[in-house]
Amino acid sequence: VVFIIPQAAGSGVPEVMAYLNGVLMPKVFNVRTLIVKLWSCIFAVSSGLPVGPEGPMIHLGAMVGAGVSQGRSRTLGISSWTNTNFFKR
């Protein structure tokens with residue numbers, strides 16, 4: 001995980017708390033971070049490693065919530081949900 005994307009290492013709770021306090025950290029809420037964190041959490045818990053899934057789940061939930069609420073992603077090339085006809089009548 002550290003070699004692929006270092007922001008996905010660890011529990012993620014300190015990163016979420018820092019973001020809520022106004023610290024801008026690059027690539028903490030990125031789609032690549034979400035995918036790597038999800039797969040590493042699945043592999044760690046399913047292999048029986050003594051890890052607590054609570055911390056990674058908090059980080060995963062914060063990444064999904066940030067992506068849905070902001071409605072944009074540089075990784076996927078989506079600039080805004082308002083560009084679609086989803087909210088228009």
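Residues numbered from 1 in each chain as written. Predicted model: local features only at pLDDT ≥ 70, side-chain atom pairs only at ≥ 80, totals over all residues. Heavy atoms only, no water.

Asks: Which parts of the structure should I look at to understand the side chain of Thr33?
Replies: Within the secondary structure, Thr33 is located in helix H2 (residues 31-46). Residue classification places Thr33 among the buried positions, given a relative accessible area of 0%. From its side chain, Thr33 meets the backbone oxygen of Lys27 in a polar contact 2.8 Å long. (Helix = DSSP H or I, 4+ residues; strand = E, 2+ residues; numbered from the N terminus. Buried < 20%, exposed > 50% of the residue type's maximum accessible area, 1.4 Å probe, protein only. Polar contact = N/O pair within 3.5 Å; in protein donor to acceptor, adjacent residues only side chain to side chain.)

Asks: Looking at this model, I keep getting lost on the side chain of Lys37. Mind explaining?
Replies: Considering the arrangement of structural elements, one finds Lys37 in helix H2. The buried charged residue Lys37 lacks any salt bridge partner; its closest oppositely charged side chain belongs to Glu15, at an N-O distance of 6.1 Å. (Lys, Arg positive; Asp, Glu negative; His and termini not counted. Salt bridge = Lys/Arg side-chain N within 4 Å of Asp/Glu carboxyl O.)

Asks: Sorry, what's going on with H2 here?
Replies: Given 3.6 residues to a turn, an α-helix orients residues that are three or four positions apart in the same direction. For H2, spanning 16 residues, the distance from its first C-alpha to its last is 22 Å, which sits close to the expected 22 Å at 1.5 Å a residue. Residues of H2 that are buried include every one of Thr33, Val36, Lys37, Cys41 and Ala44, and no others. Along the axis of H2, the buried residues cluster in a sector spanning 130 degrees; they form a single face. Of the exposed residues in H2, the ones pointing more than 90 degrees away from its buried face are Phe43 and Ser46. Positioned one or two residues after H2, Gly48 has a phi angle of 90 degrees, which is positive. (Expected span 1.5 Å × (residues − 1). Arc of directions from axis to C-beta.)

Asks: Just checking my understanding: could you explain the packing of aromatic side chains for this structure?
Replies: The description of two aromatic rings rests on the distance between their centres and on the angle between their planes. The tally for this structure, following the rule as stated, stands at two aromatic pairs. Centroid distance Trp39 to Phe43: 5.5 Å. Interplanar angle 35 degrees. Geometry classified as tilted. Here Trp39 and its partner Phe43 are both found in helix H2, four residues apart, which amounts to about one turn of the helix. (Phe/Tyr/Trp six-rings, centres within 6.5 Å; stacked < 30°, edge-to-face > 60°.)

Asks: Please clarify how helix H1 (residues 13-20) should be interpreted in this entry.
Replies: Those residues of H1 that sit buried are Glu15, Val16 and Ala18. Considered in projection along H1, the buried side chains sweep an arc of 160 degrees and stay on one side of the axis. Of the residues in H1, the exposed ones pointing more than 90 degrees away from the buried face are Pro14, Met17 and Leu20. Downstream of H1 by one or two residues, Gly22 has phi in the positive range, about 100 degrees.

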